[in-house]
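What follows is the residue order along each chain.
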Amino acid sequence: MDIKEFKKIEKKWQKRWKDMELYKTPEKPKKKCFLLEMYAYPSGDIHLGHFRNYILGDVVWRYKAMNGFQILHPFGWDAFGLPAEQAAITNKESPLKWTMDNIAKSKETLERLGISYDWKREVATCDPEYYKWTQWLFKKLYEHGLCYREKTFVNWCPDCKTVLANEQVIQGRCWRCDTAVTKKETEQWFIRITNYAERLLLGLDKLEEWPENLKTIQRNWIGRSEGSEIVFKLEKGNIDLPVFTTRSDTIYGVTFIVIAPEHKILREILPQMKKREEVEKYINTSLMKTEIERTDVTREKDGIFTGLYAINPFSDERVEIWTADYVLSTYGTGIVMGVPGHDQRDFEFAQKYHIPIKVVINPPGGELRVEEMEQAYTEPGVMVNSGPFSGVDSTSGIEKTIEYMEEKGLGKRKVTYKIRDWLISRQRYWGAPIPMIHCDKCGIVPVPEHELPVLLPEESKVDFVPKGRSPLADVGEFYNTECPKCKGKAHRDVDTIDTFLDSSWYYLRYLSPHDNDEIFKKEEAEKWLPVDLYIGGIEHAAGHLIYYRFITKFLYDIGLVPSDEPTIKMFNHGMVLDEHGDVMSKSKGNVISPRELIDKDGVDIARVALLFFAPPAREILWQNKGFKGARRFLTRIYTLVKKYLKDYSGMDANALQKKEYEFYRSIEETIRDVTVDIERMDFNTAIASLMELLNRMYTFDKKDIPIFQYAIRKFNLLLAPFAPHLLEELYSWYGKSESIFYETWPSYDENAIKKEEVTIVIQINGKVRSRIVVPANREVDEVKRIALEEEKIKKYTAGKKIKNFIYVKDKLLNIVL
RNA sequence: GCCGGAGUGGCGGAAUAGGUAGACGCGACGGACUCAAAAUCCGUUGGGUGUUUCACCUGUGGGGGUUCGAUUCCCUUCUCCGGCACCA
């Protein structure tokens with residue numbers, strides 16, 4: 001079959017489907033399915049990775065449709081973000097136009113790919129009708145005390161000239177431009193996601209249909225750690241120096257404490273220091289360092305003694321106060337107690353600076369001697385030199401010291417998380433403006449709801465070249481405003497919202513994308529939520545998918561959504577790599593565009609090839625050759641149907657001859673296998689089963705009898721989700737006028753699958769020596785008797801004593817000699 | 001360093017409540033069709049040995065174990081990929 005024929009069919013059906021509104025979301029779903037794939041960032045055109053993701057969803061749509069589901073299958077655009085602005089800076093293009101052109105192009109490609117989206121529900125986050133509600137959501141978070149402004153040291157990308165959330169720093173580098181991230185002290189907006197840390201963690205246990213590795217990434221990211229906060233006191237002056245520790249059993253071994261260089265307390269106590277200038281110098285050098293330099297594990301730790309002392313609340317001992325940049329200001333209390341005897345980092349630090357080392361835990365049955373120690377002893381043991389706790393087992397010592405400190409008011413039990421509050425303001429133009437107003441008199445005042453959206457100023461008035469402050473700061477008509485409270489002079493917040501807030505709730509806007517009065521209709525939420533299946537890449541595990549869960553929990557708490565988890569089943573597809581296993585990228589010049597593929601082979605062939613290459617969860621190494629198999633397969637079915645399709649008015653399975661009945665059985669088995677495989681998203685093996693059946697159809701010699709027509713018809717239904725255009729065409733050849741996707745998915749004949757004859761493997765000592773064909777369901781004795789009469793078996797058993805028989809019914813007999 | 005995932009023919013990959021390893025496809029080889037080639041159709045195809053329409057040996061990264069029987073379970077080790085990485 002000519003490729004042109006495929007393309008003609010493709011065009012024909014894409015048009016018909018559009019005309020008949022095949023993908024339209026039903027108003028009143030009886031059996032609902034909310035099917036979601038991650039929306040796309042419109043940078044140029046859809047790429048092969050997207051294509052793979054979207055055909056996975058498309059197969060599910062078609063399968064579910066044939067199983068009687070009413071489906072919501074929407075699509076949209078993650079349309080705000082830096083690349084658009086970058087295009088504006090480098091090519092003097094309008095960010096809006098750049099974005100809209102890319103959306104148009106990508107959308108056209110998606111339509112040509114025949115993906116089953118209900119385009120009536122399309123959303124784009126840069127649309128004021130959309131970002132109005134992003135701003136509304138920001139305000140809601142603010143109203144519920146989950147949004148606050150704070151001046152602190154934050155991640156700063158010197159290239160993008162904006163701050164970054166923790167999730168956007170990948171191994172010390174900016175997620176977008178790969179520049180080493182530095183620290184900068186500024187005032188920023190944060191969202192208190194840490195309030196939800198515990199629930200985000202516990203919720204994972206209930207997500208049974210989420211991949212285990214994805215949940216592990218989230219667990220690690222949340223990083224729950226149980227311990228206690230112990231309050232050391234500054235020796236002079238009534239200042240608290242709380243430390244967080246998981247090892248309160250080592251409290252008597254503290255010989256110093258370390259404060260993070262950017263810690264506020266350090267600045268407070270600075271005036272008391274004799275060596276103030278040196279300490280200030282150290283602090284400044286630390287702050288100059290990049291994230292990579294500071295977190296380099298191989299680097300030797302350094303620090304400086306402040307000259308001040310603190311008091312250990314357990315022992316009343318005086319300990320040195322140091323500052324060192326290996327201590328992170330954003331974790332725990334930003335102050336760490338140094339126990340060199342029992343923590344390797346503290347040990348190295350103490351050795352370098354000649355700080356005393358104390359043994360307070362002895363190994364079971366042993367005794368440590370400081371002079372002989374070459375490293376810290378970090379294992380459990382017996383507490384010694386620990387006042388009232390001496391002799392206590394160190395594991396239970398943790399609990400006992402906590403009880404003690406709570407009783408005496410020296411500290412308290414504490415759970416700490418690695419996850420940080422979400423830094424959400426960005427010093428860039430192309431995003432949703434933060435809907436807040438700063439008034440000298442009234443402070444921070446939210447923009448009233450009826451004034452939303454706060455529109456981005458026109459592009460012609462904006463200078464996009466980054467200056468380290470938001471471009472909006474220099475647009476007078478945007479900046480200057482009136483305070484909603486006192487009506488006095490005020491100014492707008494000039495930052496824009498992190499695009500991860502846009503994407504945290506986009507799935508909800510699909511529920512009622514054109515509603516101007518509400519973020520989404522509650523009754524629509526009741527109808528469709530939660531998402532039944534969400535398909536996207538694993539790279540979003542510790543970013544988008546955490547925010548997505550978090551915002552859902554928040555909206556659940558304020559009564560807007562019926563479930564506190566957004567998605568029942570999550571599926572991560574693998575990446576599409578080039579033939580050498582490298583990521584496809586423009587700079588490498590190894591990009592293959594979906595358009596290129598479908599121009600050459602047509603959509604159905606490209607779909608089958610991509611689906612057949614590997615299981616969807618695994619990565620694909622691109623192979624041009626692989627397409628040949630898909631092309632052959634689809635051509636073969638086309639040719640066969642064209643040649644042999646006839647009228648068909650049913651067939652009687654019971655009247656079939658033996659060979660025909662076996663053919664019938666193989667059809668029924670294929671129905672079962674394909675169904676099971678699709679349910680498990682094992683699309684590659686589903687297609688393999690269909691290939692097997694097709695091979696059998698080719699070699700089946702009576703192509704003029706009803707059973708063959710039966711095979712054709714079942715085959716068409718089973719293949720339809722994978723190659724929809726072609727199968728729709730073949731279906732129309734039966735004289736059907738409706739779409740094949742209104743057909744019912746075939747069920748199979750249970751009785752036919754039960755075999756009346758089985759092949760039993762005969763093993764001698766676990767090695768296959770022969771096979772016998774017997775009627776199904778035979779007992780061991782009968783099989784034994786037949787097996788022992790086999791010539792091949794006799795050869796082995798002659799003169800030997802048989803020790804044992806292992807029989808697995810209908811499968812195997814193992815004779816143990 | 002810690003936590004995940006994976007190692008199966010020339011290649012992509014099947015098969016794990018332990019039970020015929022290599023489904024299906026690519027490639028290769030042989031045959032049919034053809035003046036010829038392509039396409040198509042029909043076969044063969046893990047490696048090895050032999051007396052080569054058949055028989056045996058060997059084989060799922062390496063080593064060991066449990067078992068009548070291990071790609072599957074356990075221990076150990078190597079390699080690759082991914083996540084986190086001074087988190088106190």
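Each remark here, short or long, concerns the structure printed above.
This report concerns the structure included in the present document. (Residues numbered from 1 in each chain as written. Chains lettered and ligands numbered in written order. Predicted model: local features only at pLDDT ≥ 70, side-chain atom pairs only at ≥ 80, totals over all residues. Heavy atoms only, no water.)

In this structure the tally under the stated criterion is 54 aromatic pairs. Both rings, one in Tyr-644 and one in Phe-708, keep their centres 5.8 Å apart while their planes meet at 80°; by these two values the pair is edge-to-face. Here Tyr-644 is found in helix 20 (residues 626–644), whereas its partner Phe-708 is found in helix 23 (residues 706–719), with 64 residues between them in sequence. Chaining the aromatic ring pairs together yields one cluster made of Phe-256, Phe-305, Tyr-309, Trp-322, Tyr-326, Phe-349 and Tyr-353. Its end group placed over the ring of Tyr-41, Arg-176 keeps NZ or CZ at 5.5 Å from the ring centre. (Phe/Tyr/Trp six-rings, centres within 6.5 Å; stacked < 30°, edge-to-face > 60°. Helix = DSSP H or I, 4+ residues; strand = E, 2+ residues; numbered from the N terminus. Lys NZ or Arg CZ within 6 Å of the ring centre and 35° of its normal.)

Every one of the 56 residues lining RNA strand B counts as a neighbour, but Ser-225, Arg-299, Lys-301, Arg-345 and Asn-814 are closest to it. Each atom of RNA strand B within 4 Å of the protein belongs either to a base or to sugar and phosphate, the latter forming 68%. Here a sugar or linking oxygen of RNA strand B sits 3.5 Å away from a polar atom, N or O, in the main chain of Tyr-326. Arg-636 places a polar side-chain atom, nitrogen or oxygen, 2.7 Å from a phosphate oxygen of RNA strand B. In terms of residue count, the dominant contributor to the surface near RNA strand B is helix 22 (residues 683–699) (8 residues). (Near = heavy atom within 4 Å. Polar contact = N/O pair within 3.5 Å; in protein donor to acceptor, adjacent residues only side chain to side chain.)

Alignment of strand 30 (residues 757–764) against strand 33 (residues 812–816), held across 4 bridges, turns out to be parallel. Residue pairing in the sheet places Ile-764 in a bridge with Ile-815 of strand 33. For strand 32 (residues 804–808) and strand 33, the ladder comprises 5 bridges, and the chain directions are antiparallel. Of the residues in strand 33, the one forming a bridge with Asn-804 is Val-816. Two successive antiparallel strands, strand 32 and strand 33, enclose a turn made up of 3 residues, where Asp-810 displays a positive phi of approximately 65°. (Pairing = 2+ DSSP bridges.)

One pass over the full model with this rule turns up 2 cavities of 30 Å³ or more. What the largest cavity holds in volume is close to 200 Å³. Listing elements by their share of the lining of the largest cavity, those giving two or more residues are helix 3 (82–91), strand 6 (162–164) and strand 25 (496–497). Broken down by class, the residue content of the lining of the largest cavity amounts to 8 nonpolar, 6 polar and 5 charged. Its boundaries defined by the atoms lining it, the second largest cavity holds a volume of some 30 Å³. Around the second largest cavity, the lining residues are Tyr-507, Leu-529, Pro-530, Thr-552, Val-561, Ser-563, Glu-565 and Pro-566. (1 Å grid on protein atoms, 1.4 Å probe; cavity = no way out; pocket = protein on both sides within 12 Å on 5 of 7 lines; lining within 4 Å. Points joined across faces, edges and corners; volume = space filled by probe spheres on them. Nonpolar A, V, L, I, M, F, W, Y, C, P; charged D, E, K, R; others polar.)

Relative orientation of the contacting elements helix 19 (residues 603–613) and helix 24 (residues 724–733) amounts to 120°, with a least axis distance of 7 Å. Here helix 19 is positioned oblique relative to helix 24, judged by the angle of their axes. Contacts between helix 19 and helix 24 pair Val-603, Asp-604 and Arg-607 from the former with Pro-724, His-725 and Leu-726 from the latter. Within the contact of helix 19 with helix 24, the residues separate by chemical class into 3 nonpolar, 1 polar and 2 charged. (Axes fitted to C-alpha atoms, helices over the stretch in contact; angles between N-to-C directions. Parallel < 35°, antiparallel > 145°, perpendicular 65-115°, else oblique. Contact = heavy atoms within 4.5 Å.)

Counted under the stated rule, the structure contains 58 salt bridges. Notably, a salt bridge pairs Lys-521 with Asp-515, separated by 2.7 Å at the nearest N-O pair. On the accessibility criterion, Asp-515 (9% relative accessible area) is buried. Its salt-bridge partner being Asp-601, residue Lys-600 comes within 3.4 Å of it at the nearest N-O pair. (Salt bridge = Lys/Arg side-chain N within 4 Å of Asp/Glu carboxyl O. Buried < 20%, exposed > 50% of the residue type's maximum accessible area, 1.4 Å probe, protein only.)

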